[in-house]
Amino acid sequence: MQPLANITPLKPASRAGAVEIRGVGQVFKTSTQDVTALEDVSMEVKPGRFVVLVGPSGCGKSTLLMMMAGLRQQTSGTVLINGAPIPKPDPNRVGVVFQEASLFPWLTAEENIEFPLTLRGTPKVERRAKAQDALKLVGLDGFGKRHPHELSGGMKQRVSIARGLVQDPPVLLMDEPFAALDEQTRMTMGDELLRIWAATGKTVVFVTHSLTEAVYLADEVVVMSARPGRIVDHLTVSLPRPRTYEMLSGDVFGSLRDRIWRHIRKSA
Amino acid sequence: MSGTLGFKLARVAVVVAVFLLWETLSRTGIVNPRLLPSASDSLAMLGELLQRASVRNDLLVTASEVLTAFILAVPLGALIGFLIAENRYFADVAKPLLFFAFSIPKSIFLPMFILVFGVGFAEKVGYGFFSTIFIVIMSTTAAVESVKIEHLTVARSYGATTAQTAFRVYLPSMLPVLLEALRISMIFNLTGVMLAEMYASRNGFGHQIATWGENFQMKQLLAGVVMISVIAIAFNELIRWIETRCSHWRT
Ligand SMILES: Nc1ncnc2c1ncn2[C@@H]1O[C@H](COP(=O)(O)OP(=O)(O)OP(=O)(O)O)[C@@H](O)[C@H]1O
Ligand SMILES: [Mg+2]
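None of these values were measured; they are calculated from a predicted model.

A word on the sheet that holds strand β8 (residues 203-207) of chain A. Residue and element names in this part refer to chain A. An order of β6-β7-β8-β3-β9-β10 is seen for the six strands of this open sheet, with the pairing classed as mixed. A single partner strand is all that each edge strand has here, and the edge strands are β6 (94-97) and β10 (230-236). This sheet shows a mean twist of 20° between the axes of neighbouring strands, independent of strand direction. As judged from the five bridges shared by strand β7 (residues 171-175) and β8, these two strands associate in the parallel manner. Counted as the bridge partner of Val 171 is Thr 203 from β8.

The subject of this paragraph is the pairing of strand β9 (residues 220-225) of chain A. All names here are of chain A. Of all the six residues making up β9, six are buried; the element is thus mostly covered by neighbouring parts of the structure. Side chains Glu 220, Val 222 and Met 224 of β9 all project onto a buried face; the interleaved residues Val 221, Val 223 and Ser 225 project onto the opposite face, where all are buried too. Judged from the six bridges that link them, β9 and β10 form a sheet pairing that is antiparallel. Its bridge partner lying in β10, Val 221 is registered against Leu 235. The antiparallel pairing of β9 with β10 creates a hairpin that spans four residues between the two strands, and Arg 227 there sits at a positive phi of about 45°.

A turn of α-helix holds 3.6 residues, and therefore any two residues three or four places apart point the same way. When the terminal C-alpha atoms of helix α8 (residues 162-199) of chain B are compared, their 47 Å separation across 38 residues is substantially less than the 56 Å that a helix rising 1.5 Å per residue should span. The largest bend in α8(B) amounts to roughly 50° and is located at Leu175(B), with the proline Pro176(B) lying one to four residues further along.

All names here are of chain A. Ligand 1 sits among 14 residues. The nearest are Ser 57, Gly 58, Lys 61, Ser 62 and Thr 63. Interatomic distance of 3.0 Å between a backbone N/O atom of Gly 60 and an oxygen atom of ligand 1. Within the side chain of His 209, an N or O atom sits 2.9 Å from an oxygen atom of ligand 1. Residue classes in the shell around ligand 1 are distributed as three nonpolar, seven polar and four charged.

With that out of the way, let us pick up helix α6 (residues 121-145) of chain B. Residue and element names in this part refer to chain B. Its 25 residues give α6 an end-to-end C-alpha distance of 36 Å, which sits within 8% of 36 Å, the value for a rise of 1.5 Å per residue. Approximately 30° is the largest bend angle found in α6, and it occurs at Thr 132. Among the 25 residues in α6, 20 count as buried, and that is most of the element.

For the rest of this paragraph, the subject is the packing of helix α2 (residues 109-119) of chain A against helix α4 (residues 153-165) of chain A. Residue and element names in this part refer to chain A. It is at 7 Å that the axes of α2 and α4 come closest, and there the two elements cross at 30°. Judged on the interaxial angle alone, α4 and α2 are roughly parallel. At the point where α2 passes α4, the crossing takes the right-handed sense. Across from Ala 109, Asn 112, Ile 113 and Pro 116 in α2, the residues of α4 making contact are Val 159, Ala 162 and Arg 163.

This part is about the interface of chain A and chain B. Each side of the interface is counted separately: chain A has 21 residues, and chain B has 18 residues. Roughly 2000 Å² of surface becomes buried between chain A and chain B when both sides are summed, with 72% attributable to carbon and sulfur atoms. Linking chain A with chain B are zero salt bridges. Counting across the interface, chain A meets chain B through four residue pairs in polar contact (both at pLDDT 80 or more). Elements represented by at least two residues in the side of chain A that touches chain B include exactly α2 and α4 of chain A. Looking at the side of chain A that touches chain B element by element, the count peaks at four residues for α2(A). Residues that form the side of chain A that touches chain B fall into these classes: 13 nonpolar, six polar and two charged.

As a note on interpretation, predicted positions should not be read in detail where pLDDT is low. In the predicted model, chain A carries a mean pLDDT of 90, and the fraction of residues at 70 or more is 94%. Under a pLDDT of 50 for its full length, residues 1-12 of chain A has, in the predicted model, two contacts with residues more than four places off or in other chains.

All names here are of chain A. Across the junction of Arg 227 and Pro 228, the peptide omega takes the value -10°, indicating a cis bond. As for its position among the elements, Pro 228 is in the loop between β9 and β10. Arg 241 connects to Pro 242 through a cis peptide bond whose omega is 0°. Within the secondary structure, Pro 242 is located in the loop between β10 and α7 (251-267). Although it is not a glycine, Asp 168 adopts a positive phi angle of roughly 55°.

So, about the packing of aromatic side chains. The full count for this structure, using the stated rule, is 16 aromatic pairs over all chains. Ring geometry for Phe113(B) versus Phe130(B): centroids 5.2 Å apart, planes at 45°, classification tilted. A residue pair is termed long-range when its members are at least 10 positions apart, and Phe113(B) in helix α5 (residues 110-117) and Phe130(B) in helix α6 qualify at 17 residues. Judged by relative accessible area, which is 17%, Phe130(B) ranks as buried. By the ring-pair criterion, three or more aromatic residues cluster together here, those being Phe109(B), Phe113(B), Phe117(B), Tyr127(B), Phe130(B) and Phe134(B). Stacked on the ring of Phe104(A), the Lys or Arg Arg163(A) has its end atom at 5.8 Å from the ring centre.

Rules used throughout
- Residues numbered from 1 in each chain as written.
- Chains lettered and ligands numbered in written order.
- Predicted model: local features only at pLDDT ≥ 70, side-chain atom pairs only at ≥ 80, totals over all residues.
- Heavy atoms only, no water.
- Pairing = 2+ DSSP bridges.
- Helix = DSSP H or I, 4+ residues; strand = E, 2+ residues; numbered from the N terminus.
- Axes fitted to C-alpha atoms, helices over the stretch in contact; angles between N-to-C directions.
- Buried < 20%, exposed > 50% of the residue type's maximum accessible area, 1.4 Å probe, protein only.
- Expected span 1.5 Å × (residues − 1).
- Bend = angle between axes of the 7 residues up to and from the residue.
- Near = heavy atom within 4 Å.
- Polar contact = N/O pair within 3.5 Å; in protein donor to acceptor, adjacent residues only side chain to side chain.
- Nonpolar A, V, L, I, M, F, W, Y, C, P; charged D, E, K, R; others polar.
- Parallel < 35°, antiparallel > 145°, perpendicular 65-115°, else oblique.
- Left-handed = near helix turned anticlockwise from the far one by under 90°.
- Contact = heavy atoms within 4.5 Å.
- Buried area = accessible area lost by both parts, 1.4 Å probe.
- Salt bridge = Lys/Arg side-chain N within 4 Å of Asp/Glu carboxyl O.
- pLDDT = per-residue confidence, 0-100.
- Phe/Tyr/Trp six-rings, centres within 6.5 Å; stacked < 30°, edge-to-face > 60°.
- Lys NZ or Arg CZ within 6 Å of the ring centre and 35° of its normal.

Structure below.
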């Protein structure tokens, strides 16, 4: 037998958490006409970066995210996660946090978090332990036995985040996770997400309609235009971390938000 | 909530009041006791009837017809309902037709069942089945549609197999609606079988009730009514109890 340690790994470890989108297009064939949802979209997300996607409604943000999650296949181009294509969902590489309350109402918080592990037949003890860790990470220690209807909107999304992280994937995709929350909760959840992100070092791709939220959270903001969906700007947010509430009223913040807003107004 | 003691007592009081009113109307002769025998006499008759072998046999016949029709109609109706809900083309074609079929009073078909099956077990089961299947199909379709697309996407994104999606998403999502369907189907089923027995039959409890009516045996008739009511309510409550246990998460 050859010692396994001598075999060179196929994928260099540095690619873990990298998201590469190259020349991606998506055409939806409907009964009346063909809709070009995305055209020649290319972007690269380095491991551990927090990247926010913004753009007018219908520009294809969710479609792009679905491709990164392996939930939808592009009509052209390449999507690579950890340097490899993603022809179907792979929870070991990608965790997804959805828009609406996507928790199963018949399961408790911890059972919801365990769901991805249950599907893979992980033993109960191990599942419970991991769910407890995830609950602690998202600040919900002690709430594991509650059902979703016994949790506030913010707490539900914390559970969703915990579910996305429970298998420890290098990439976390989030499609408007805080859209349904009130403003105050939304701000708190933003800070919480940044804390979790800093603690775990995940690559995050986050979709939002709130430009304030975008600039506040992001290392980089990718701006898209509609019909067909294209990338019109890719800007770096140089504000230091940790981000603070005071930065919101600063000049750097304001000019970044204006720049994004001008793109969106043009294409809408 | 409906469970507080005060409400429960009030409900018991209403039932007791109905029986007391019944008793008084009959005893005082406000209503002719031959037309309305007293509650106590009727209940005493109920006890007596339950001792009779012929009555017990009739109950057994009815129960076997009801159960057979139920066991045939529920899985078949659920399967058809599921296929309709899962297939767009099927759904578009079949749904309006089902609504048409559902709106027709089923009783007008009873003579045809007698012509086809003759008077007997098959006719009554057939008619019970026919009375039940449409509501099962329609409720199952509703149950499948109550499965949230977001939940299916979640399952898919975490790599669920088809079987896992069926048992961990479809089934729990559908369970409350399915139990409700089961409960309502039994009402339709029981109504169908009883009607078939009362219309033309040589045995069964429905036939017995019809005979008592024709012979003006009011005590027996009322006792029979009370008995069937109690059985129907008991089944209904059993399913409702399971429902509340299974769907505590519904808000
Ligand atoms: N399954 C589909 N069939 C046909 N067209 C679709 C389908 N899914 C999305 N589209 C179209 O593709 C475009 C992009 O949709 P997508 O949901 O990705 O946009 P979005 O940027 O996420 O919008 P929003 O901000 O409103 O969530 C839209 O024009 C939409 O109508
Ligand atoms: Mg979207």
